[in-house]
Every structure is written in C-alpha cells, then in structure tokens.
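The lines below spell out each chain.
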Amino acid sequence: MQRIENIQLATMAAEETGYGIIADAVVIIENDRIYWAGPASEAPVSAPAELIDGHGQLLTPALIDCHTHLVWAGSRAAEFAQRLHGASYADIARAGGGIATTVKATRAASFEHLLQLAEQRAHALLEQGVGALEIKSGYGLELQTERKQLQVARELGQRLPLTVTTTLLAAHAIPPEFEGNADGYIDEIVNNILPTLAEEGLVDAVDAFCESIGFSVEQTERVFKAAQQLKLPVKLHAEQITNQQGTALAARFQALSADHLEQLDESGVKAMAENGTVAVLLPGAFYFLRDTQVPPVELLRRYGVPIALATDANPGSSPIHNLPLMLQMGATLFRLTPEECLRGVTINAAKALGLSKRLGQVKTGMQANLALWDVKDPAELSYQFGVNPLSKLWLNGDVHGHADRQ
Ligand code: NIG
Ligand code: FE
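These numbers come from a predicted model, not from an experiment.

Novice: What is the right way to look at the coordination of the iron ion (ligand 2) in this model?
Specialist: Four donors placed tetrahedrally about a metal ideally form angles of 109.5 degrees, and six donors placed octahedrally ideally form angles of 90 or 180 degrees. For the iron ion (ligand 2), the protein coordination sphere consists of His67 (NE2), His69 (NE2), His237 (NE2) and Asp312 (OD), at 2.1 to 2.3 Å. The sequence pattern formed by the donor residues of the iron ion (ligand 2) is H-x1-H-x167-H-x74-D. Linking histidine 69 in the loop between β6 (63-65) and α1 (77-84) with histidine 237 in strand β10 (residues 235-238), this pair joins segments that are 168 residues apart in sequence. The exposure class of histidine 69 is buried, given its relative accessible area of 2%.

Novice: Where do I start with the domain arrangement of the protein chain in this structure?
Specialist: Buried accessible area, meaning the area lost when the parts come together, often serves as the stated size of an interface. For the protein chain, the domain assignment lists domain 1 (2-62 + 361-400) and domain 2 (64-352). The straight-line distance from the C-alpha centre of domain 1 to that of domain 2 is 30 Å. Overall, the association of domain 1 and domain 2 removes approximately 1900 Å² of surface from exposure, summing both partners, and the carbon and sulfur fraction of that is 60%. When the buried surface of domain 1 facing domain 2 is broken down by residue, Met12, Ser382 and Phe385 rank first, second and third, together holding 29% of it. Applying the counting rule to domain 1 against domain 2 returns 0 salt bridges. At the level of elements, β5 (58-61), α15 (380-383) and β15 (390-395) are the ones that each hand at least two residues to the side of domain 1 that touches domain 2.

Novice: Please clarify how the site of ligand 1 should be interpreted in this entry.
Specialist: Not every one of the 15 residues close to ligand 1 is listed here, only the nearest: Arg76, Tyr89, Tyr139, His172 and Ser317. Contact between ligand 1 and histidine 237: an oxygen atom at 3.0 Å from a side-chain N or O atom of the residue. Of the residues that constitute the shell around ligand 1, the class distribution is 4 nonpolar, 9 polar and 2 charged.

Novice: How should I be thinking about the packing of aromatic side chains in this particular structure?
Specialist: Within a pair of aromatic rings, the relevant descriptors are the distance that separates the centres and the angle that separates the planes. Following the criterion strictly, the structure yields 5 aromatic pairs and no others. With centroids separated by 6.3 Å and ring planes inclined at 35°, the aromatic side chains of tyrosine 185 and phenylalanine 215 adopt a geometry described as tilted. Of the two residues, tyrosine 185 is situated in helix α6 (residues 182-199) and phenylalanine 215 in the loop between β9 (205-208) and α7 (217-229); the sequence distance between them amounts to 30 residues. Of the two residues, tyrosine 185 and phenylalanine 215, both sit in the buried class. In textbook terms, an aromatic cluster arises when at least three aromatic residues are bridged by ring pairs, as seen for Phe178, Tyr185 and Phe215. Just above the ring of phenylalanine 288 sits the side chain of arginine 83; from NZ or CZ to the centre is 4.9 Å. Here arginine 121 stacks its cationic end above the ring of tryptophan 72, 3.7 Å away from the centre of that ring.

Calculation criteria
- Residues numbered from 1 in each chain as written.
- Chains lettered and ligands numbered in written order.
- Predicted model: local features only at pLDDT ≥ 70, side-chain atom pairs only at ≥ 80, totals over all residues.
- Heavy atoms only, no water.
- Donors = N, O, S within 2.8 Å, 3.2 Å for Na, K, Ca; no water.
- Helix = DSSP H or I, 4+ residues; strand = E, 2+ residues; numbered from the N terminus.
- Buried < 20%, exposed > 50% of the residue type's maximum accessible area, 1.4 Å probe, protein only.
- Domains from an automatic or database assignment.
- Buried area = accessible area lost by both parts, 1.4 Å probe.
- Salt bridge = Lys/Arg side-chain N within 4 Å of Asp/Glu carboxyl O.
- Near = heavy atom within 4 Å.
- Polar contact = N/O pair within 3.5 Å; in protein donor to acceptor, adjacent residues only side chain to side chain.
- Nonpolar A, V, L, I, M, F, W, Y, C, P; charged D, E, K, R; others polar.
- Phe/Tyr/Trp six-rings, centres within 6.5 Å; stacked < 30°, edge-to-face > 60°.
- Lys NZ or Arg CZ within 6 Å of the ring centre and 35° of its normal.

This is the structure we're talking about:
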C-alpha cells in the first residue's frame, strides 16, 4: 500500500463542471487500484503503508490523450514548406500528397522501425504526465500495414506503462489501388480489413474521415454498420474542413466521440447531447492548419456535451506530441476555461475512449494512474507552458519516469 498525504486533490469526479477539489486530501493506493481518496480528516487508518508526503502539491488523474495517430514513418516537412508557399492542406491532398505521402513511407517501414519511432513519441507524452492514449491506424490503407500499425500500438502498451487503446482508421483516405473507386475500398474495409483485424483482437474502436477530401456520410455509415455488427464502438473525424453532417450520423451510432468539429452546427451538437457523444477538440490541428473557424464551444456548453482535448499527433495536421500544450491552446484558441481544459484530458478524455469506469478520476476502485504537479492552482496547468511541473507519476500504482522533485 502507498499512502499519499499532504496534497491538494483534483478528483475531477464532479459530474458536470469543475475540478472536484479537496484542499487537504489523502489517497491510498493498493496494488494497481485506488483504495481510498478523500479529505484527510476522514481518511481511514490504513494497513502499514509506504507514506508519501505530497508537500502540498496538486494531485490529479494522470492525463489521457484520446486522439493520436502516433504510428507513422517519413516526414511531411516538405509539404509544410509547400503550405508556406501558399498551398492549402486540401490542395496538397488533392495533388496526391498529404496522407498518401505518409502511407507510402509507413507501408515501406519495418515493424521495428515504426515501433522505435512511435515509442519515442509515446515516451515524450509519458514524460508530460500522460498515462493513457488512443492510437489510430490509417497510414496503411491495406490489410497488412493497418495490421502492422495496430500491432505496434499494442506492443507500445506492453513496453511502456501506458494504457493504449487502438482504433482502426482504415477509412482515412482512398489508397492508390482504389483510386476513383472509394466504394470499392469501403467494400474491402467492411468485408476484409475490419473483420480480419477485429478477429485478431487488434481493434478497440473504429473511426473514419468523413470529409469532402475523405469519405461521404453514406460510405462512413457502411463502415459504422460493419463495426456495429462486430459490437465495436465508433468515433469520427467530422466537420473539420466542411460540414458534412457526419456528427449526426456518428451520434446515431452512439459514437464514443466526434472529433475536430470546427464546422459543427447546432443540430449536430443536439444529436451529440442526445446520444452521449463526446466532443474531442483538437487545437493543435486548428493551429497548425491556421484554421480560423473555432468549434462551437458555447453551443457544446449549452447542450451539456462533454468536451475533451487531444493532440491529434500526426505528421500532416498536428505534428505536435505535447498534451500540456493542448491545454494552453484550448484556453487561448478556443476560450475553454482551465477547468474545461483539465476535464478535457481526464474525465472527458476517458469517456471518449469508453474507459470512464477505470480512468480519468481519482476515486475508489479506479486504476491508480495519478500525477503530482508542483503547482498550487490547477489553472497553472492551462496557463504556463514549457517548464514541466510534473513531480511524480503513478501508472497502475507504480511510480514512473521523471525525476522526483520533492
Ligand atoms: O486528424 N483528418 C485526417 N486525419 C488527420 C490528418 C492526417 C494527416 O494529414 O496525415 C487529422 O487531422
Ligand atoms: Fe486525427
């Protein structure tokens, strides 16, 4: 047992808003679970436990990055330069670059090389206090490479103390083999790629890119129906560049989340609220693509849609492996409050992964994924950036990484 004392605790357990602060708290860890969490005055006398003095620092759930494309090879720096000369993200995609560039490099890369690249990125997140992350495929666009990406994601979850969930994003772009035949590629996904990889236990959720430069609502629906038959939850890249009404479709399939959402309208927000779909906002992609249309945060608040924040770490639209930066950008670019930002990478990120029963809050029975921060006010976590305030990180009850600064 470990008994953490002398801490300010942000349980993140409050239902609607706020941090769920307990000014002087105790948290008791037993093996990989939280045995007890609450005010020091009510703490049980625990069995002989290792005592940890928190020195008045802030304890929160370990952070969760609920939308990443971490497994990829190659570089898109040259395309970034093209964008600086005036080409748009969509122009580059239409000219055969963009996602297709990364697909070529990822198909050519060995499992070991992909693992090495992804491990470096995951390690960077771990050092920032991230304890769980979602990893999507989508840079293979054929069975073998989609499998390779998901296997790398699973292997990362073995090698590092991170909780990793996998999402099949085969419907990310049309592969060269199916050029001009998007429906044919959807056939291949629903008849072969999805059932095969699901059978192999590699798929925790299914995603698609519903967009003018991606797949139509009808094509997305076919993928969702196939996922539903396999009892897999869905999520969607929706309303990023144009409004395709993909969010309403996702909500109809009780999607865990709809992500990006810059172009989302009120009917889409309403559909999300009615179906418990989380809004995953991705300020890194908004920033890197120099988008100007902010997601409808006020509407999301009004309808009570839970908001999550994630890195969208990927080579094209968000080459940013930094979740704390997303808190600051969530606040500066989307005007989220610091409470909303922290909820966005804890309780609501857990909801977006379907893991809210075990992650994202500090309460009895949850997985002991905890982060201790050398800050007084939780708003510091959305405010300053560039100095790492993490002083201790527990994952599954074990202390990890980072120098212990107490
Ligand atoms: O989440 N929108 C599609 N997928 C990624 C970008 C992928 C890429 O450009 O490589 C995204 O923004
Ligand atoms: Fe994405």
